[in-house]
Amino acid sequence: MTLDILLLVSAALFTLGLASSLLRRNAILVLVGIELMLNAANLNFIAFWRFSAHPEAFTGILFVLFSIALAAAEAAVGLALIISIHRFYKTSNVDRIDRMKG
Amino acid sequence: MTFALPAIFAILTLAGAVAALVLRNLVHCALSLVFAFAGLGGVYISLGAQFAGLAQVLVYAGGVAILIVFAVLLVRERDEKQDHTTIRWGNLLSGIAVSTLVFIALARCILSSTGLHNAAPTAPVAEIREIGTMMMSVDILPLEIIGVLLTASMLGAVIIALKEARR
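Looking only at helices and strands, chain B features seven helices and zero strands. Counting from the amino terminus, chain B carries its helices and strands in the arrangement α-α-α-α-α-α-α. Within chain B, the fraction of its 167 residues that count as buried is 29%. For chain B, the proportion of contacts with a sequence separation of at least 24, taken over those separated by at least 6, is 49%.

Take a look at the structure:
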């Protein structure tokens, strides 16, 4: 497993997350796509840490740990927003939530 | 063996992500997402980052995925059939085109850059004790800020999801 293969896996994961947030119309799956893109970034951090010249600094691992905590907070607030929007609009389809559309 | 293990977990991760993208049923999407997150944790562990892998499995496969399953159950559409029949081909094609272009650009950058194709150096050891020491000494300020942020965001999530009081 070399670094470029790991980066390609990470790019594929990012693309799948981007496609999920662009193509799916359900708000929960849009959030899932954002989570997948965050995970792809974390995989890059771990891969560069593994192949770095000074892995004893743990910069990649510490960054990933903080990033995981941030993503957990983001998922909680995002899902609470989706539940609140669903209570108001009675739908979670992002195409039908268009009150602020210009 | 050291070559094969991350590859297997990477394939599991990508398969879970593809399933989460294409499956119709929302519950199936959430469950395949568990596979993707757990596979990514396996990649971390097999690359030598045990603590990050365990945190990934605990937080994502254990926490975020369960949160998503509960949100799916709370946000059930009454008329699910209606959404599935209205596929807008223009949106679909443009989304696929944008995603493919992004992947091609990323892959070209990765494949054309030098210095990424070296063989793996000896696997670094990430002792949990040393990570804890680093976190409590060098990175103490981000740690405190993350603690405050997590508390504030959990309180905010509860307040946002609460039913509004009747006036």
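On to the nonpolar core. Within the largest apolar cluster, 64 residues are counted, with the highest numbers of intra-cluster contacts made by Ile28, Ile46 and Ile61 of chain A together with Ile68 of chain B. Elements with a minimum of two residues in this core: helix 1 (3–23), helix 2 (27–50) and helix 3 (59–89) of chain A together with helix 1 (4–22), helix 2 (26–46), helix 3 (50–74) and helix 6 (128–137) of chain B. Per-element accounting of this core gives the leading share, twelve residues, to helix 3 of chain A. Shared between two domains, this core holds at least three residues of each, these being domain 1 (1–81) and domain 2 (127–167) of chain B. If we ignore the near neighbours within four places in the chain, the residues touching Ile28 of chain A are Leu79 and Ile82 of chain A together with Ile68, Ala71, Val72 and Val75 of chain B.

Interaxial distance between helix 1 of chain A and helix 5 (residues 89–112) of chain B falls to 9 Å at its minimum, and their mutual angle equals 165 degrees. Viewed along their axes, helix 1 of chain A and helix 5 of chain B adopt a mutual orientation that is roughly antiparallel. With respect to the hand of their crossing, helix 1 of chain A and helix 5 of chain B are arranged in right-handed fashion. Residues Asp4, Leu7, Leu8, Ala11, Ala12, Phe14, Thr15, Leu18, Ala19, Leu22 and Leu23 of chain A of helix 1 of chain A form the contact with helix 5 of chain B, whose participating residues are Asn91, Leu92, Gly95, Ile96, Val98, Ser99, Val102, Phe103, Leu106, Ala107, Ile110 and Leu111 of chain B. Split by residue class, the contact of helix 1 of chain A with helix 5 of chain B holds 18 nonpolar, four polar and one charged.

What follows covers the packing of aromatic side chains. Counting across every chain of the model gives three aromatic pairs over all chains. Over the aromatic face of Phe51 of chain A sits the side chain of Arg50 of chain A, whose NZ or CZ is 5.3 Å from the ring centroid.

Of the residues lining the interface, 65 residues belong to chain A; the matching set on chain B comes to 81 residues. In this assembly, chain A packs against chain B so that about 6400 Å² is buried in total across both faces, 78% of it on carbon and sulfur atoms. Counting across the chain A and chain B interface gives zero salt bridges. One can count eight residue pairs in polar contact (both at pLDDT 80 or more) joining chain A with chain B. When residues of the side of chain A that touches chain B are traced back to their parent elements, those giving at least two are helix 1, helix 2 and helix 3 of chain A. For the side of chain A that touches chain B, the element with the highest residue contribution is helix 3 of chain A, accounting for 22 residues. Of the residues belonging to the side of chain A that touches chain B, the class tally is 46 nonpolar, eleven polar and eight charged.

Of all residues except glycine, most have a negative phi; of all peptide bonds, most are trans. Residue and element names in this part refer to chain A. A positive phi angle, near 60 degrees, is found at Phe58, a position not held by glycine. The topology assignment puts Phe58 in the loop between helix 2 and helix 3. Its identity as a non-glycine residue notwithstanding, Lys90 has a phi of 60 degrees, on the positive side.

Turning our eyes to something else, we now look at the domain arrangement of chain B. Here chain B is described as being made up of domain 1 (1–81) and domain 2 (127–167). Centre-to-centre, using C-alpha coordinates, domain 1 of chain B lies 23 Å away from domain 2 of chain B.

Reading the values: rules and limits
Residues numbered from 1 in each chain as written. Chains lettered and ligands numbered in written order. Predicted model: local features only at pLDDT ≥ 70, side-chain atom pairs only at ≥ 80, totals over all residues. Heavy atoms only, no water. Helix = DSSP H or I, 4+ residues; strand = E, 2+ residues; numbered from the N terminus. Buried < 20%, exposed > 50% of the residue type's maximum accessible area, 1.4 Å probe, protein only. Contact = heavy atoms within 4.5 Å. Core = buried A, V, L, I, M, F, W, Y, C linked by side-chain atoms within 4.5 Å. Domains from an automatic or database assignment. Axes fitted to C-alpha atoms, helices over the stretch in contact; angles between N-to-C directions. Parallel < 35°, antiparallel > 145°, perpendicular 65-115°, else oblique. Left-handed = near helix turned anticlockwise from the far one by under 90°. Nonpolar A, V, L, I, M, F, W, Y, C, P; charged D, E, K, R; others polar. Phe/Tyr/Trp six-rings, centres within 6.5 Å; stacked < 30°, edge-to-face > 60°. Lys NZ or Arg CZ within 6 Å of the ring centre and 35° of its normal. Buried area = accessible area lost by both parts, 1.4 Å probe. Salt bridge = Lys/Arg side-chain N within 4 Å of Asp/Glu carboxyl O. Polar contact = N/O pair within 3.5 Å; in protein donor to acceptor, adjacent residues only side chain to side chain.

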